[in-house]
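Fold and geometry: a report
Residues per chain are reported as follows:
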Amino acid sequence: MSTLENEVTFRKQTEVSQNLEAQFHSSSTDFILMTDHRTSKYKSMEQLEAIKQEKEASSTSCCTRFVKNICRKKTLKKRLPFLTWLPHYNRKDCIGDIMAGFTVGLTVIPQGLAYSGVVGLPPEYGLYGAFMGCFVYVLLGTCKDSTIGSTAVASLMTFQFAQGSWQRSVLLTFLTGIIEIIMAIFKLGCLVEFVSGPVSAGFTSAVALIVSTSQMRSMLGVKSEGDSFLQTWISMFRDIENIRVADTCLGFGCVFLLLAMRSFSRIKIGPEDNAQRSRCQRIVNAFIKFLGTSRNASVVIIFTLITMYLDGNGMNPFRLTGHIPKGMPSPSLPPFSIEPQPGNITAGIPPVEGQNFLEMVQSMGYGLIIIPIMALLETMSVCKAFSKGKQIDITQEMIACGVGNIATSLFSGYRCNGGLARSAVNNASGCRTNMSNFYIGIIVVLALNFLTEYFAFIPKAVLAAIIISAVIFQVQYQIVTPMWRSKLPGIFAFICCLVMPLEIGITVAIGVNLLFILYHSARPKITLEQLETVQGIKFVKITPDRCLIFPSVEFVRNMILKSGSKSTLPVVIDCTYIYAADFTAAKVISSIVDDFRRRNQKIIFFNLKPSVVSIFEGLNTRLVLCYNTHALNQELQDESFTRSVDSLNRAEGGTSECVSMASTLSLAKS
């Protein structure tokens with residue numbers, strides 16, 4: 001479909017006497033070029049600056065410049081952000097960070113135990129991955145509110161590519177951490193820009209539903225299989241006769257309780273202004289806020305105590321988490337192979353096939369690329385939410401996340417990155433610096449060393465309820481209408497991630513989104529206007545709205561030729577927005593000029609950038625270029641195209657200067 005505006009009927013200017021300068025006000029004075037592109041003897045300021053930089057670069061060793069840049073104080077503070085805030089750390093900061101760290105730590109512990117079930121690993125692995133990332137982020141992180149740990153997206157994608165193997169999960173964490181550091185070194189943070197907002201929203205919403213579905217089996221007590229949303233639900237319905245009523249009631253009851261406590265935390269007692277409240281009212285409000293932000297830990301503690309009492313009396317009807325090893329894991333390199341192990345039919349344990357390093361990497365596939373990109377998207381969403389308009393250092397965030405995951409893998413943890421819900425709790429709890437992450441990590445370490453014997457009595461339905469009540473708010477209902485208006489990408493990503501395995505769904509969605517981008521770049525919007533000069537000379541003005549690259553040049557060529565063939569008026573192409581072009585575009589423009597010359601119809605290029613003009617070198621093409629309205633006015637008054645070329649050549653005293661380039665450029669004299 002053509003995007004040409006007023007294709008058949010040209011828009012007529014009502015005020016013929018209006019100065020042409022005003023009609024070209026948006027493009028006539030932005031780029032005034034004299035003679036710097038007419039011949040190879042003359043150099044533009046850009047070319048002179050480039051030559052100067054090349055000479056300076058050749059005189060200085062790359063290694064020397066790199067070392068000097070690394071050792072600069074500014075660079076050190078940029079790559080080690082704690083050097084900026086740590087010297088100014090005071091008691092108020094410490095108190096605020098301890099309170100925030102304690103509150104978030106009470107949230108991280110039950111979430112870590114719960115998310116390990118999403119990955120298909122024993123509960124302790126969720127805690128193994130919840131402290132080293134926090135310690136690293138204290139030193140390398142740039143956002144004080146961001147907290148590093150397990151998230152729904154990271155957990156589900158780890159399960160998709162590691163298939164419930166702790167060896168593959170830990171190795172995946174290690175390798176993706178290395179890839180994130182490599183991306184930071186080569187400044188590849190721009191890759192996230194190829195994942196549009198609708199695709200990211202559709203993916204996140206689909207993940208929320210998939211994670212909720214994966215936890216329904218723990219709440220219902222049924223078996224589930226399958227790699228997609230639909231397959232999981234189908235398998236659960238097939239086993240619905242084995243539903244456990246006690247776990248189901250407990251699970252749904254905890255979901256409603258957690259949602260009620262979340263709403264309860266917004267209640268304020270007393271006047272709106274905190275200064276006008278009494279001391280008692282402030283204490284009650286603080287308690288309500290603490291109860292709401294620590295609702296996960298509160299629910300876990302309450303039902304763990306109930307379960308311990310019931311279990312001690314032999315009346316426990318719930319499925320429990322089970323034994324969790326005490327203490328921290330010993331630091332070691334991630335497993336680079338899997339030893340084969342026989343299964344146990346009686347215990348229902350399947351056999352484990354052995355794999356070497358290459359086979360493990362091959363089984364992860366393109367998850368090694370997709371996971372870092374999606375993790376970066378999640379981390380950046382946290383930073384943007386709390387940046388308050390400040391610039392975000394994507395490269396430094398990739399370094400922090402990469403190093404954090406490498407450190408986590410050394411303690412047998414799986415993928416971690418910034419989580420929006422957990423970071424919101426950190427912000428609401430009054431964190432002041434990155435040091436809050438340190439206290440979060442300390443809480444997790446203490447729990448591993450002193451509380452694991454009590455974790456065994458946590459009902460699985462309670463952990464499932466914690467995840468469902470958290471991810472249900474990641475389904476972005478508020479953007480359904482904007483996603484629908486954006487047509488295919490967002491809805492397509494949502495549907496693909498639900499009906500296909502997650503890794504295939506997001507890959508297909510990103511691919512389709514890139515096809516949309518290519519299609520729009522191949523169909524630029526072209527504005528057509530019929531204008532008049534103050535002398536009454538009519539001409540057609542054509543304005544493409546973007547650069548000319550090979551997917552779009554044929555479309556632009558057809559539009560220009562079609563418009564030119566409808567009239568014998570001169571055609572002026574306003575090149576203000578054409579900031580780049582490739583050689584294919586140059587060849588097509590050359591053919592357009594030849595077509596107009598055969599029809600003895602004038603075509604003028606207005607405000608064509610010098611960088612684009614240089615592409616025409618090597619083509620035997622004559623272009624009429626104008627860089628201000630006075631020159632354009634003079635060129636339009638000429639009776640023929642060839643006369644303007646001859647007059648220019650005579651004015652320059654011959655054609656030797658113009659012919660010194662392979663392409664002959666005819667400049668209208670200003």
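Residues numbered from 1 in each chain as written. Predicted model: local features only at pLDDT ≥ 70, side-chain atom pairs only at ≥ 80, totals over all residues. Heavy atoms only, no water.

You can read under Subcellular location (unreviewed entry) in the UniProt record for the protein chain the words "Membrane". (UniProt positions renumbered as here; feature names shortened; annotations may be inferred.)

Let's talk about the overall build of the protein chain
When you go through the protein chain residue by residue, the secondary structure sums to 31 helices and eight strands. Evaluated residue by residue, the protein chain yields a buried proportion of 50% over its 670 residues. Taking all contacts inside the protein chain whose residues are at least 6 apart in sequence as the whole, residues at least 24 apart take part in 78%. On the protein chain, roughly 32,600 Å² of surface is accessible, and the fraction owed to carbon and sulfur atoms is 62%. (Helix = DSSP H or I, 4+ residues; strand = E, 2+ residues; numbered from the N terminus. Buried < 20%, exposed > 50% of the residue type's maximum accessible area, 1.4 Å probe, protein only. Contact = heavy atoms within 4.5 Å. Areas by Shrake-Rupley, 256 points an atom, 1.4 Å probe, with all protein chains shown as cover.)

Comments concerning helix H11 (residues 197-220)
Helix length check: H11 (24 residues) gives 35 Å between terminal C-alpha atoms against 34 Å at 1.5 Å per residue, within 8%. By the criterion of burial, H11 is predominantly enclosed, with 20 of the 24 residues buried. Backbone geometry just downstream of H11 places Gly-221 in the positive-phi region, at approximately 80°. (Expected span 1.5 Å × (residues − 1).)

Looking at the packing of helix H17 (residues 367-386) against helix H19 (residues 420-428)
Two numbers describe how H17 lies on H19: the axes approach to 10 Å, and their chain directions differ by 30°. With respect to H19, the element H17 is oriented roughly parallel. Crossing of H17 over H19 shows right-handed handedness. Judged by residue contacts, Ser-381, Val-382, Ala-385 and Phe-386 of H17 engage Leu-420, Ser-423, Ala-424 and Asn-427 from H19. Each residue belonging to the contact of H17 with H19 can be placed in one class, and the counts come to five nonpolar, three polar and no charged. (Axes fitted to C-alpha atoms, helices over the stretch in contact; angles between N-to-C directions. Parallel < 35°, antiparallel > 145°, perpendicular 65-115°, else oblique. Left-handed = near helix turned anticlockwise from the far one by under 90°. Nonpolar A, V, L, I, M, F, W, Y, C, P; charged D, E, K, R; others polar.)

Focus: the UniProt feature "transmembrane region" (unreviewed entry) in the protein chain
Residues given the UniProt feature "transmembrane region" (unreviewed entry) here are residues 94-113, 170-188, 286-310, 364-383, 438-456, 462-480 and 492-519. Helix makes up 84% of residues 170-188 and strand 0%, with an end-to-end C-alpha separation of 24 Å. Along residues 492-519 the backbone is 93% helical and 0% strand, and the end-to-end C-alpha distance reaches 17 Å.

A short note on the environment of Leu-502
The topology assignment puts Leu-502 in helix H25 (residues 502-522). You can call Leu-502 buried: its relative accessible area is 1%.

Considerations on the state of the cysteines
A covalent bond between the sulfur atoms of two cysteines is referred to as a disulfide. Counted by the stated rule, this structure contains zero disulfides. Unpaired in this structure, Cys-416 has its nearest cysteine sulfur neighbour in Cys-401, at a distance of 6.3 Å. (Disulfide = S-S within 2.5 Å.)

Quick word on unusual backbone geometry
The phi angle at Lys-187 is positive, at roughly 55°, despite the residue not being glycine. Even without a glycine there, the phi angle at Ser-412 is positive, about 65°. In this fold, Ser-412 is placed in the loop between helix H18 (394-409) and strand E2 (417-418).

Some words on the packing of aromatic side chains
Under the definition given, this model contains 13 aromatic pairs. Ring centres of Phe-135 and Phe-438 lie 5.7 Å apart, and the angle between their planes is 45°; on these two criteria the pair is classed as tilted. Pair noted here: Phe-135 is in helix H8 (residues 132-140) and Phe-438 is in helix H20 (residues 435-450), with a separation of 303 residues, a long-range link. A relative accessible area of 32% means that Phe-438 is categorised as partly exposed. Put simply, the rings of Phe-131, Phe-135, Phe-411, Phe-438 and Tyr-439 pair up and form one aromatic cluster. Cation over ring: Arg-262 sits above Phe-473, and NZ or CZ is 3.8 Å from the ring centre. (Phe/Tyr/Trp six-rings, centres within 6.5 Å; stacked < 30°, edge-to-face > 60°. Lys NZ or Arg CZ within 6 Å of the ring centre and 35° of its normal.)

Topic: the pattern of salt bridges
Applying the stated criterion to the full structure yields 13 salt bridges. Asp-247 serves as the salt-bridge partner of Arg-244, at 2.7 Å between the closest nitrogen and oxygen. Connected via shared salt-bridge partners are Glu-554, Arg-557, Asp-595 and Arg-598. (Salt bridge = Lys/Arg side-chain N within 4 Å of Asp/Glu carboxyl O.)

What about the nonpolar core?
Counting 106 residues, the largest nonpolar core has Met-157 and Phe-203 as its most contacted members. Here this core takes 11 residues from H17, the largest share from any one element. Dropping the residues within four chain positions of it, Phe-203 is found in contact with Val-153, Met-157, Met-374, Ala-493, Cys-497, Leu-502 and Ile-506. Judged by nonpolar contacts, the second largest core, of 32 residues, contains Val-553, Ile-560, Ile-592 and Leu-625. (Core = buried A, V, L, I, M, F, W, Y, C linked by side-chain atoms within 4.5 Å.)

Points about a positive patch on the surface
A surface patch of positive charge is lined by Arg-72, Lys-74, Lys-78 and Lys-187. Looking at the element boundaries, Lys-187 is found in the loop between helix H10 (166-185) and H11. With relative accessibility at 54%, the residue Lys-187 sits in the exposed group. (Patch = residues over 30% accessible without salt bridge, like charges linked within 9 Å, V, L, I, M, F, W, Y side chains within 5 Å. Lys, Arg positive; Asp, Glu negative; His and termini not counted. Charge placed at Lys NZ, Arg CZ, Asp CG, Glu CD.)

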